[in-house]
Amino acid sequence: MSAVAPQPAALEFDALDVAYTVRGKDRQVLRGLTLRVDAGQTIGLVGESGCGKSTAALAAVNYLPRNGKITGGAVRVAGKDVLELGWGELRRLRADSVAMVYQNPGAALNPSIKIGSQVAEAFTVRGVARGEARERAHDALARVQIADPDSVMGRYPHQLSGGMQQRVVIAMALAKDPALLILDEPTTGLDATVEAEVLDLVAQLQAELATSVLFISHNLGVIAKMCSRVGVLYAGRLVEEGPVESVLQDPRHPYTVGLLRCIPRGGVRKDHARLDTIPGFLPSLGAELPGCVFVERCALADERCHAEEPAASVVGPGHETRCWHHDRASELPRAEAADITLRAVDRTAAPVVRFADLGKVFKQHGHDVHALVGVSGEIWPGETLGLVGESGSGKTTLARTLLGIVAASSGGVELDGAALAPRFQKRSPEELRALQIVFQNPDSALNRRHSVRRIILRSLRKLAGLTGAAAEQRMLDLTHSVRLSERTLTQKPSQLSGGLKQRVAIARAFAGEPRLVVCDEPTSALDVSVQAAILNLLVELQADGGVSFLFISHDLGVVRYISDRIAVLYLGRLMELGSAEVVFGGPHHPYTEALLSAVPTVDGGGRERIRLEGDIPSAASPPAGCVFHTRCPRKLGAVCEETEPPLLDAEDGHLMRCHIPLDELRRLQR
Amino acid sequence: MTVVAAGGGEARAARSERLHLLRRSPSVLIGAGIVLFWVSCAILGNHITPYDPIYDQTQNIFAHPSSAHWFGTDRLGRDVFSRVLAGSRDILLVAPAATLLGTVLGTALGLITGYMRGIVDDVVSRLIDAVLALPLIIIAVTAIAALGTRSAWAVAVVIGLVFTPIIARTVRAAVLAEREQDYIQAAQLRGERSPYIMFVEVLPNVMPLVLVEATVRLGYAIFAVASLTFIGFGIQVPSPDWAVQIFDNYTYVDPNWWTVLFPAAAIASLVVAVNLVSDGIQQAYER
């Protein structure tokens, strides 16, 4: 590296070491991180949780938590060493030239101050007069494509959707025309359609303002879309860095290879192959790692990897990796055998669950909110029905109605042909055990005061009627089938990692040999390698026991991987229902088409983005005619505004609610 | 392939760190030291006092503090130092009993109102608001008068009942938050009955809060028992209880200040000590 660069980098980490003091000991979290963000560039930083991504972001403006300290190396912003700045200079740096946007926009905005005043404050803090600040706030909101800045300025944060909130935060971040913008998982909590809009906005603003961006994300698809270069962080060390296409298409570090293999992509489905996983766990915080940081989880590791830290090797133009075996990285043996045999779903048999004309009306401030409108469907034994749609589309309400947590306002649910009571309190133990759920957030789903053993035994007692030695035996079988070791049994949930907790939650749901398990975003709180392992587990449980799943996810790649059929919901209505191949392969409903086009993929390119105008309308006053007409890019005209299209069988059980004939859609979407 | 536990011992480490914090916190150490001192005085009682706190009545009434009588003597010529040392026994039974009763009832009520919500919650919560609007002493005096007994145990029961709604309200707020957790729904979906969910699933998760609340209430209970005793309810003569001593001697306080000052200081030291411990526990759990 040359000491005198012609133009200083917007941000430069130079062999940065950061340690946190935990229980009186220094634990290293960043190990010699070296990364440059050149002026006008967008650099991505990926890695699983706990790798040190956010620590790097905080170190960039010397804003580490109180127990964190920089123990070596340097951070330079526009050529200035951040560590040598005085308090006043540091404050000016944070106020004037570096802006940060975090994951949760709801927490970044003050809930008790109106948007107008909050955005204006971003200007007044830099010495702009009050009146002018409001005008500039107005312009800033317009710049982030908020259609009606005046009305938004008069509202409080909670009155805005997540996507709008994130735009406001971005508007505030850009208020100072920052030279450097740090985005820490900016779209992680957002719907795919909203994520796509926010990403488009960031890309456009970045091009206009020539801002340098450090883009932190765990989502390789997002990184592929946004960044020119990417760094892969593992256990605080940058293991690979290079141009995005080169790193993602020709990864040369086993960790990057593993990460890419964990993601269900390129249309792979559960009956094609198991997903590969990365065995083992991230080394504990501050562990002594004399050799390669990835050595414990690497199938290519040999003695040299244990003993000697790999030097950076150049493997392509601007592409470096820290692996002794980078030439063999692509030959990394699979951690999971790929082959799997699944039973074909027999749709001539009776369905496990049938729901007909389900409706749900919530009362809200005296208004009727139609969360579900006339939704019908069946789920056959051994089948996975995927449920997709934006938030507010009724996915969770449908699942909760089947489980009886929410009583349907109209229509009914049948289990094996027998009608179920609308509320779970009135259902028999047999019916309760047949329908179970795996929640999104394993922290909330498990009682933190109960041991794993107690959680599973109680479920066996209530759902399977087992006690004593029989229950003990079944518990061991169950823990074995969800791949938990026996020693986890005595532990409390807080002692387990997210993936292990989710396995416990799955074991609990399977205690009574259920017929249908609702999986409500079961992997969205997990890292990709853990997600892959959980998806494999669900598929195996299905192959062994013929259980059916109702699988809710906003990650379309995951839904496509695991589902046999897919239902698309919009504003509580079923818009499309068909086999996974047909729904993803097309011709699609215009809404499905827009959803699919919004997903950034690792392979990049592919579909042209279809923009959906505005947010999902309020379910309290849904549009007349086709509910999707207000945002539909393929709207025909008056007929869409006036007449609600029926849900018709377009072709071989592929149901579609659209006025456009199937052949016409096929032609349009070619 | 079997997945082994990662980060094992994290929770245990957190718990031991909490204990460690408690042990190192100066406020907890000082508070616990004072409480322990008074508890041992209560247990050892007459064995450690230089004179018998009740029966050693001398002709030497209202003697100034001296080497023979460190805290002087009272109106019956009894040694005030001995009586202060022995005076913790009754209040250390009555106040914790009142707190225990209030905590048990209040926690149960808080669990029920917070978990059931609906009409039960509305009715009970309004009643609680009404009770909380009245000063504690007024309710207590009225209730004791209505009961027709002035005994210490009646006072304990009344203070416990007065504390019940206060504790119930705190617990209810925590239960409302806990109720939103998915494990509650999981329990409902495997057919658990409400009492099981309330007491086996929810209660252990609100226990730290109950513990903190109980120590805070204990401080108030000591204060309330002393106040009621001073106005003639609760602990009665001839007990050497501190508040009884004040009640017994306050008409002679001028110029015999030592007869009132030392028992009053003893009450204050116990209340402050309990509050120090409670602050320490609260801080350890909030981290």
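The rules behind these values
Residues numbered from 1 in each chain as written. Chains lettered and ligands numbered in written order. Predicted model: local features only at pLDDT ≥ 70, side-chain atom pairs only at ≥ 80, totals over all residues. Axes fitted to C-alpha atoms, helices over the stretch in contact; angles between N-to-C directions. Helix = DSSP H or I, 4+ residues; strand = E, 2+ residues; numbered from the N terminus. Parallel < 35°, antiparallel > 145°, perpendicular 65-115°, else oblique. Left-handed = near helix turned anticlockwise from the far one by under 90°. Contact = placed C-beta atoms within 7 Å. Nonpolar A, V, L, I, M, F, W, Y, C, P; charged D, E, K, R; others polar. Buried ≥ 20, exposed ≤ 12 C-beta atoms within 10 Å, placed from the backbone. Pairing = 2+ DSSP bridges. Domains from an automatic or database assignment. pLDDT = per-residue confidence, 0-100.

Colleague: Explain the packing of helix H7 (residues 152–179) of chain B against helix H9 (residues 194–230) of chain B to me, please; I cannot follow it from the model alone.
Modeller: In helix packing, the relevant descriptors are the interaxial angle and the interaxial distance, both defined with respect to the helix axes. All names here are of chain B. Closest axis-to-axis distance for the H7/H9 pair is 9 Å, and the angle between their directions is 150°. Between H7 and H9, the interaxial angle falls into the category roughly antiparallel. The crossing of H7 and H9 is right-handed. Across from Val155, Ile159, Phe163, Ile167, Thr170, Val171, Ala174, Val175 and Glu178 in H7, the residues of H9 making contact are Val202, Asn205, Val206, Leu209, Val210, Glu213, Arg217, Ala221, Ala224, Val225 and Leu228. Of the residues belonging to the contact of H7 with H9, the class tally is 15 nonpolar, two polar and three charged.

Colleague: I keep staring at the environment of Leu161 of chain B and nothing clicks. Help me out?
Modeller: All names here are of chain B. Here Leu161 lies in helix H7. In this structure Leu161 comes out as partly exposed when scored by C-beta crowding, with 18 C-beta atoms within 10 Å. Leu161 sits 69 residues away from Leu92 along the chain, and the two C-alpha atoms are 18 Å apart.

Colleague: Would you explain the sheet that holds strand S17 (residues 418–419) of chain A in this entry?
Modeller: Strand pairing in a sheet relies on backbone hydrogen bonds, with the paired strands running either antiparallel or parallel. All names here are of chain A. As summarised here, the arrangement of the four strands in space is S14-S13-S16-S17, forming an open sheet in which the pairing is antiparallel. Across the chains shown, the open sheet's two edge strands, defined by having one partner strand only, are strand S14 (367–379) and S17. When strand S16 (residues 410–415) meets S17, the two strands line up antiparallel, connected through two bridges. Bridged to Glu414 within S17 is Ala419. Sheet strands in contact with helix H13 (residues 395–403) are strand S13 (353–364), S14 and S16, and its direction is about 115° off that of S13.

Colleague: What exactly am I supposed to notice about the domain arrangement of chain A here?
Modeller: Frequently, the measure chosen for interface size is the accessible area removed from exposure when the parts meet. Domains assigned within chain A are domain 1 (109–175), domain 2 (254–331) and domain 3 (587–668). Centre-to-centre, using C-alpha coordinates, domain 2 of chain A lies 41 Å away from domain 3 of chain A.

Colleague: Any chance you could explain the confidence of the model for chain B here in plain terms?
Modeller: It should be kept in mind that the predicted coordinates are not to be read in detail where pLDDT is low. Residue and element names in this part refer to chain B. With 93% of its residues at a pLDDT of 70 or more, chain B has an overall mean of 87. When pLDDT is averaged over each element of chain B, helix H8 (residues 182–189) comes out on top at 95 and helix H1 (residues 10–24) at the bottom at 66. Taken together, the stretch residues 1–10 has pLDDT below 50 and engages in 26 contacts with residues farther than four places along the chain or on a different chain. Interface predicted TM-score (ipTM) for the complex: 0.84; the corresponding pTM is 0.87.

Colleague: Before we go on, may I ask you to explain the packing of helix H8 (residues 192–209) of chain A against helix H22 (residues 590–598) of chain A in this structure?
Modeller: All names here are of chain A. At their nearest, the axes of H8 and H22 sit 8 Å apart, and the two run at 50° to each other. Put simply, H8 runs oblique to H22. Crossing of H8 over H22 shows left-handed handedness. Together, Ala192, Thr193, Glu195 and Ala196 of H8 and Ala594, Leu595 and Ala598 of H22 make up the contact between the two elements. Considered class by class, the residues forming the contact of H8 with H22 number five nonpolar, one polar and one charged.

Colleague: Explanation requested: unusual backbone geometry in the structure shown.
Modeller: If a residue is not glycine, its phi is most likely negative; likewise, a peptide bond is most likely trans. Residue and element names in this part refer to chain B. Here the residue pair Val237 and Pro238 is connected by a cis peptide bond, since its omega of 10° sits within 30 degrees of zero. Take Pro238: it is sitting in the loop between H9 and helix H10 (242–249). Put simply, Asp254 and Pro255 share a cis peptide bond, and its omega is 10°. The topology assignment puts Pro255 in the loop between H10 and helix H11 (258–286).

Colleague: Just checking my understanding: could you explain helix H1 (residues 53–60) of chain A for this structure?
Modeller: Since the α-helix turns once every 3.6 residues, residues separated by three or four places project in the same direction. Burial analysis of H1 of chain A places six of its eight residues in the buried class, the great majority of the element. Immediately downstream of H1 of chain A, the backbone of Asn62 of chain A shows phi near 50°, a positive value.

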